[in-house]
Amino acid sequence: MKEQLQKDFNSSIKNLSLSQKDIEIKKFCLDNFIEKGFPNRKEEDWKFSDLNQIIKNNIGELSFYNDQAFTNKVDTSVFVDGLEHNKIVFINGRIEKIDFEYEKKDQIEIIDQSETINEFKNSNSLSDLNNAFTNKCFKILVKKGYQLIKPLIIYHTTNSKIWSKNINLRLNFELDKDSSLRLIDLFNDTSEKNFLNIFYNFELKENAVLKNYKVDKFENKNVKYSFNNIDQDKNSISETFILSSGSNFSKNEINCNLNGVYASAFVNGVFSLNNDKHHEIRSIINHLTENTKSYQLIKSVLDQSSKAVYQGKIFVNSDAQKTDGYQLSKAILLNKESEFNAKPELEIYADDVKCSHGSASGSLNEDSIFYLMSRGLSYQQSRELLINGFLLDVVEKITDSEIKNLIKNMIGIKE
Amino acid sequence: MDNRQKEINNLKDYKYGFSTDIENIQAPKGLNEDVIKFISNIKKEPAWMLEFRLKAFERFKVLKEPDWQKPKFPKIDYQDLYYYSAPKSMKDKPKSLDELDPKLLETYKKLGIPLQEQARLNGIAVDAVFDSVSVATTFKDELTKQGIIFCPISEAIQNHSELVKKYLGSVIPTSDHFFATLNSAVFTDGSFVYIPEGVRCPMELSTYFRINASNTGQFERTLIIADKGSYVSYLEGCTAPMRDENQLHAANVELIALDDAEIKYSTVQNWYPGDKDGKGGIYNFVTKRGLCKGKNSKISWTQVETGSAITWKYPSCILKGDNSVGEFYSIAITNNHQKADTGTKMIHLGKNTKSKIISKGISAGSSDMTYRGLVDISSKAKNSTNYTQCDSLLMGNKCGAHTVPYIKNKNSESNIAHEATTSKISEEQLHYCQQRGLNPEEAVGLIVNGFCKEVLQQLPMEFAVEAQKLVGISLEGSVG
């Protein structure tokens, strides 16, 4: 893999007009990655999902160079109907379109940031890989007091032109004081056997509100890793919803730093898996100051030989008195081959806190099925009704009603 | 109230912190094959036992000290320890208690284990382990009548070698982790219990461990076998003198329950915890593992962990037999600079297996407490259930309480439920108690004892009283 990486790295920087310093930084990241390789199960954070093995089994040989000289045609049929929205379109890792048609132009700034200094405080090798190979990095700045009128949808599209490729994406967001953003990540893959490595960085200033919905719904054979870093100032709110369903493998990581008082973070997730899929959500909520709050709810429905993993951590600093942290994960195993692993972790250094977590996994409740069947539903219908209700609980947590309905329709959940 | 205050003052300092001057025989310092041969030789062990030790030592040489645990400690120099230390008078074992060194007896008296009186009055059979050797076992006659074997493991190796050979290392193999392997190579003594088929052990069996000599590691090994349909309750208590340096204690405990058998294992661990500034104290790195080998067997661990500078142990149950049950009840209290990383592993392999984990952690002062546990339900363990509850109580903002559970469910017909909470003693509770005339310390003691009640209830009567007192004492000075 080393030669391949070196070769692809050389071809990729050839096409970029970078300063010597930038090239050196990228090279440094590349060397780091070569040294560490893809994370494997020996690393505590990857204990339940050995990415190295997963890439070997699902993809085999990866290549890292993406020729981005040619534009791709934007297929408008993938756009969401019935909801007016702003768009950013990625096709095969290339930004094809940035369109804030519904917004005041002077309130949003799009800054081309191609410097690649690693701002992420996570030690895994994938951020190095991302830094070495991303060629464009934009920062989207929402100015003071501006609240986006329409949601922003980021379309992540891949098509059959690429296979066995590693795609690296990077976006930075800054939400200035009193601003707000609703962001939907919609994955639309018709390609196969690619490895997507996505890094987002959010900076939330005082009173800013971020709502991020990640929807991976369509069946595909890709391997995905997505990392969100969220830094929150005083009084800010972040809400993250993850629908994890389509890809062969997917791992979503949320690292949230509650730096300001009264900041709060919400992470809700749904795993709906079948076949041999293997998905993971890992969240780290760092309560770093007083009076912060976090709430997490993860529910999984696992069929066939699928596997879901939830690793959630609540960290409470010794200064973070009056913290309120809550975490709940529940899983229904429908098939005897399916598997659910959880590691809900609390690390607490302050005494005046209220922190708890719960985790439960098991089969569908036979009594409930019996109750429904005795009222005339078939076995299949009762099962569906119960699963529907089980998942509805999480979807109901979405605070934006427009988007809630959109997501309900997407996953076919009825009220 | 005055009496209570007096009692507290008496107990405030570690009351077991004396050491006894007794002439010792020690193996040369360091760890090598010669030392292992020396130990084996002095114990008059058969050849297979030496082979067992050497095999473990071979494995030990390639292992690295683990470093994933939360409490970090300075590197231990394993060549700077004595691996064998025994009171000189024990070279030719005394036949009865009367022949024991009077100084030894005095030590045990100070510990509250008057062996002679105990033999007569109390209904508990005691095996006392001083440094590395077992010094006295009481109540032998009565137990022998029922066919129960309760003796030092070094004796069992000689007298019941088929049993020991069959089961020793069957739960904790010589190829296990670092500290367990070290123990397999150098263990010196410990208790051996065999309960024959269908026998219900008429009394509590108990062992007291005492580290006396300085610079020694204590490596004892306990093996308990409960044959079909039998029952035994076993208690373990530990103390050590106050010393400035840290001392290593790496024991192995193996339990084997055959069909319909039940083993109840209780520990009140009160090793020297170090002084107020965290100087000295015992490193308690113990491997405890029980195997529910037969159908309908049951193993239950109860532990009250109040001592040690660092406690690092996970009493585990392997639920292999169908319908077997594993239980784990734990109270861990850390104060001053103590650190604990403890919890359990429940490994469900058989059908209809059940496990229950109740863990209560209390940290005060500048201490740090971690619950780390694993619940693993394998794909064959149909219809299994697990219930886990771990609660932590924090006192003061310099301490930490952490929960790291690993939950693996590979069986759709099995259910796992896990809950954990972390909080402090609420002002209302304290106010309520004080309003009714309790002083703040008494109020905290009452609330904490209530918090721990579920676990304390599991202890045998004699221990429960001691444990309850310990809970109170360990938290002295942590309020206000």
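Only a predicted model underlies this, so the values are computations on that prediction, with no experimental measurement involved. Here the residue numbers are simple positions, counted from 1 along each chain's written sequence. Starting at A for chains and at 1 for ligands, labels are handed out in the order in which the entities are written. Residue-level local features of this predicted model are given only where pLDDT is at least 70; pairs of side-chain atoms are given and counted only at 80 or more, and the full residue set underlies all totals for whole chains, interfaces and linings.

K.L.:
Can you explain the overall build of chain B? Please cite residues and give values.
P.N.:
Think of it this way: any DSSP run of H or I at least four residues long counts as a helix, any run of E at least two long counts as a strand, and we number them from the N terminus. In terms of helices and strands, chain B carries 12 helices and 25 strands. Throughout, a pair of residues is in contact if the C-beta atoms placed from their backbones lie within 7 Å. Intrachain contacts of chain B at a sequence separation of at least 6 include 83% that bridge at least 24 residues.

K.L.:
Quick one: what's the story with the overall build of chain A, residue by residue and with numbers?
P.N.:
Within chain A, the secondary structure is distributed over seven helices and 19 strands. A compact globule built from 415 residues would reach a C-alpha radius of gyration of about 22 Å, and chain A, at 21 Å, matches this within 12%. Viewed in the frame of its principal axes, chain A has a C-alpha envelope of about 70 × 45 × 45 Å. A buried classification covers 49% of the 415 residues belonging to chain A. Within chain A, contacts between residues separated by at least 24 positions form 82% of all contacts whose residues are at least 6 apart in sequence. Restricting the calculation to C-alpha atoms gives the radius of gyration, and the globule rule supplies 2.2 Å times the number of residues raised to the power 0.38. With C-beta atoms placed from the backbone, the exposure class of a residue follows from how many other C-beta atoms lie within 10 Å of its own: 20 or more, buried; 12 or fewer, exposed; in between, partly exposed.

K.L.:
Mind laying out the interface of chain A and chain B, listing which residues take part and the relevant values?
P.N.:
The interface of chain A with chain B comprises 31 residues on the first partner and 30 residues on the second. Polarity classes work like this: nonpolar for Ala, Val, Leu, Ile, Met, Phe, Trp, Tyr, Cys and Pro, charged for Asp, Glu, Lys and Arg, and polar for all others, with Gly in that last group. In terms of residue class, the side of chain A that touches chain B is made up of 12 nonpolar, 11 polar and eight charged.

K.L.:
Just give me the short version of the confidence of the model for chain B, but keep the residues and values in it.
P.N.:
Residue and element names in this part refer to chain B. The pLDDT value tells you how sure the predictor is about a given residue, anywhere from 0 up to 100. Here chain B averages 82 in pLDDT, and 80% of its residues register 70 or above. Overall, residues 91–95 carries pLDDT values under 50, and its contacts beyond four positions in sequence, including any with other chains, amount to three contacts. Contacts for the low-pLDDT stretch residues 117–123, under 50 throughout, to residues beyond four places or in other chains number eight contacts. Across the interfaces of the predicted complex, the ipTM metric reaches 0.85, alongside a pTM of 0.87.

K.L.:
Any chance you could break down unusual backbone geometry for me, citing the residues and the numbers?
P.N.:
Residue and element names in this part refer to chain A. Backbone geometry at Lys193 places phi at a positive 55°, although glycine is not the residue there. Positionally, Lys193 belongs in strand E8 (residues 192–204). The phi torsion at Gln304 lies on the positive side, around 45°, for a residue other than glycine. Looking at the secondary structure, you find Gln304 in the loop between strand E15 (293–302) and strand E16 (307–316).

K.L.:
Any chance you could break down the nonpolar core for me, citing the residues and the numbers?
P.N.:
Note on terminology: a nonpolar core is any set of buried Ala, Val, Leu, Ile, Met, Phe, Trp, Tyr and Cys residues joined through C-beta atoms within 7 Å. Residues B:Val193 and B:Ala226 are the most contacted members of the largest nonpolar core, which totals 214 residues. For this core, the element with the highest residue contribution is E8(A), accounting for seven residues. Ignoring sequence-local partners within four residues, the contact set of B:Ala226 consists of B:Ile195, B:Val232, B:Ile256, B:Ala257, B:Leu258, B:Ala261, B:Glu262 and B:Ile263.

K.L.:
If you had to explain the pairing of strand E25 (residues 415–424) of chain B to someone new, which residues and values would you point to?
P.N.:
Every regular strand shows the same layout, with side chains that alternate between the two sheet faces. We call two strands paired when DSSP finds no fewer than two bridges between them. In terms of strand pairing, strand E19 (residues 354–362) of chain A meets E25(B) through seven bridges, oriented antiparallel. Looking at E25(B), one finds that A:Cys355 is bridged to B:Thr422. Relative to E25(B), strand E23 (residues 385–394) of chain B runs parallel, the two sharing 10 bridges. Within E25(B), the position partnered with B:Tyr387 by the bridge is B:Ala417.

K.L.:
So what's going on with the packing of helix H5 (residues 366–374) of chain A against helix H6 (residues 379–395) of chain A? Which residues, and what values?
P.N.:
Residue and element names in this part refer to chain A. Contact pair H5 / H6: the axes reach a minimum separation of 9 Å and the direction vectors enclose 125°. Here H5 is positioned oblique relative to H6, judged by the angle of their axes. Relative to H6, the crossing made by H5 is right-handed. Contacts between H5 and H6 involve Ser368, Ile369, Leu372 and Met373 on the former and, on the latter, Tyr379, Ser382, Arg383, Leu385 and Leu386. By residue class, the composition of the contact of H5 with H6 is six nonpolar, two polar and one charged. Angles here are taken between N-to-C directions and fall from 0 to 180 degrees, while the axes themselves are lines fitted to C-alpha atoms, restricted in helices to the stretch in contact. When an angle is under 35 degrees it counts as roughly parallel; over 145 it counts as roughly antiparallel; between 65 and 115 it counts as roughly perpendicular; any other value is oblique. Crossing chirality is assigned from the near helix's rotation relative to the far helix, an anticlockwise turn below a right angle marking it left-handed and a clockwise turn marking it right-handed.

K.L.:
Let's hear about the environment of A:Ser180: which residues, and what values?
P.N.:
By the secondary structure assignment, A:Ser180 is in strand E7 (residues 180–189). When residues no more than four places from it in sequence are discounted, the contact partners of A:Ser180 are A:Gln147, A:Leu148, A:Ala208 and A:Val209.

K.L.:
Report on the pairing of strand E16 (residues 310–313) of chain B, specifying residues and quantitative values.
P.N.:
All names here are of chain B. Going residue by residue along E16, you find Ile310 and Trp312 tucked away on one face and Thr311 and Lys313 tucked away on the opposite face as well. Summarising the sheet, strand E13 (residues 281–284) and E16 pair through two bridges and their orientation is parallel. Counterpart to Tyr283 in the pairing with E16 is Ile310.

K.L.:
Can you break down the environment of B:Ser363 residue by residue, with the values?
P.N.:
Residues and elements named next belong to chain B. For Ser363, the location among the structural elements is in strand E21 (residues 354–363). C-beta crowding within 10 Å serves as the criterion here: with 31 such atoms nearby, Ser363 is assigned to the buried category. Here the alpha-carbon distance between Ser363 and Leu143, two residues 220 residues apart in the chain, equals 41 Å. Setting aside residues no more than four positions away along its own chain, Ser363 makes contact with Thr334, Asp368, Met369, Leu394, Cys399, Gly400 and Ala401.

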